[in-house]
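Per-entry structural report
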Amino acid sequence: MQNDHKDIFRQEFKKTCAQHGLKITHQRIAIYEELSKAKDHPSADVIFNRIKKVFPHISFDTVYRTLTSFSEMGLIKLVEGCGEKKRFDPNTENHHHLRCIKCNVIIDFYNKSYDKISVPRALKKEFEVLNKKVVLEGICKKCKS
Ligand SMILES: [Zn+2]
Ligand SMILES: [Zn+2]
């Protein structure tokens, strides 16, 4: 990441934390930056293992609670669950997911026509749709080879 980009990024982070009364600590900044770098939609224990290299004394609980607070604040997103471990998404833009059923990797993709997918009228009566996300399940390149 370029330096000026990183600055804007940190300022946004600090602003959002301040708005929600969350104290900014080195650990929290590190957790946020670790997730932001991640392309695999990691679970809390994956982030924990990465962050432990920098903060050897950090607890899993701290990492988990921090990620949960971030998602409540809208800084990051939770990947739609299916009964497994919570996965976190640093990408808050409108986007869709490819999920590998073998290695469980989740990859972002963008598609304008998926963004505009229409909701059947019968469903609209039952349910107010706030968000639409397409998840394509399959086998990733790595697992295929
Ligand atoms: Zn795979
Ligand atoms: Zn994503």
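Use the structure listed above.
Summarised in this report is the structure supplied together with it. (Residues numbered from 1 in each chain as written. Chains lettered and ligands numbered in written order. Predicted model: local features only at pLDDT ≥ 70, side-chain atom pairs only at ≥ 80, totals over all residues. Heavy atoms only, no water.)

Here's the deal with the coordination of the zinc ion (ligand 2)
- Protein coordination at the zinc ion (ligand 2) comes from His-41 (NE2), Asp-89 (OD), His-95 (NE2), His-97 (NE2) and Asp-108 (OD), with a distance range of 2.0 to 2.2 Å.
- For the zinc ion (ligand 2), the single-chain donor residues occur in sequence as H-x47-D-x5-H-x1-H-x10-D. With His-41 in the loop between helix 2 (26-37) and helix 3 (44-51) and His-95 in the loop between strand 2 (88-89) and strand 3 (96-100), the pair connects residues that are 54 residues apart, well separated along the chain. (Donors = N, O, S within 2.8 Å, 3.2 Å for Na, K, Ca; no water. Helix = DSSP H or I, 4+ residues; strand = E, 2+ residues; numbered from the N terminus.)

A look at the layout of surface pockets
- One number sums up the size of the largest pocket: a volume of about 350 Å³.
- Around the largest pocket, the lining is made up of 17 residues, and of these Phe-9, Ser-36, Pro-90, Asn-91 and Thr-92 lie nearest the centre.
- Grouping the constituent residues of the lining of the largest pocket by class yields seven nonpolar, six polar and four charged. (1 Å grid on protein atoms, 1.4 Å probe; cavity = no way out; pocket = protein on both sides within 12 Å on 5 of 7 lines; lining within 4 Å. Points joined across faces, edges and corners; volume = space filled by probe spheres on them. Nonpolar A, V, L, I, M, F, W, Y, C, P; charged D, E, K, R; others polar.)

Some words on the coordination of the zinc ion (ligand 1)
- Looking at the zinc ion (ligand 1), the protein donor atoms are Cys-100 (SG), Cys-103 (SG), Cys-140 (SG) and Cys-143 (SG), and they sit 2.3 Å from it.
- Classification of the site at the zinc ion (ligand 1) as tetrahedral follows from its four donor atoms and the range of 105 to 115° in their angles at the metal.
- Between the donor residues of the zinc ion (ligand 1), the gaps in sequence give the motif C-x2-C-x36-C-x2-C. Placement of Cys-100 in strand 3 and of Cys-143 in helix 7 (residues 141-144) is noted, with a sequence separation of 43 residues between them.
- Relative accessible area serves as the criterion here: at 25%, Cys-143 is assigned to the partly exposed category. (Tetrahedral: all angles 85-135°; square planar, octahedral: opposite > 155°, others 65-115°. Buried < 20%, exposed > 50% of the residue type's maximum accessible area, 1.4 Å probe, protein only.)

Focus: unusual backbone geometry
- A positive phi angle is found at His-41, which is not glycine, with a value near 55°.
- A residue is classified by how much of its surface remains accessible, and His-41, at 2% relative accessible area, is buried.
- Despite not being glycine, Asn-104 shows a phi value in the positive range, around 70°.
- Mapping Asn-104 onto the fold places it in the loop between strand 3 and strand 4 (106-109).

A closer look at empty space enclosed by the protein
- With the rule as written, the count across this model stands at one cavity of 30 Å³ or more.
- Here the largest cavity is characterised by a volume of approximately 30 Å³.
- Surrounding the largest cavity, 10 residues form its lining, Val-79, Glu-80, Gly-81, Lys-85 and Arg-87 being those nearest its centre.
- Among the residues making up the lining of the largest cavity, the classes are represented as three nonpolar, one polar and six charged.

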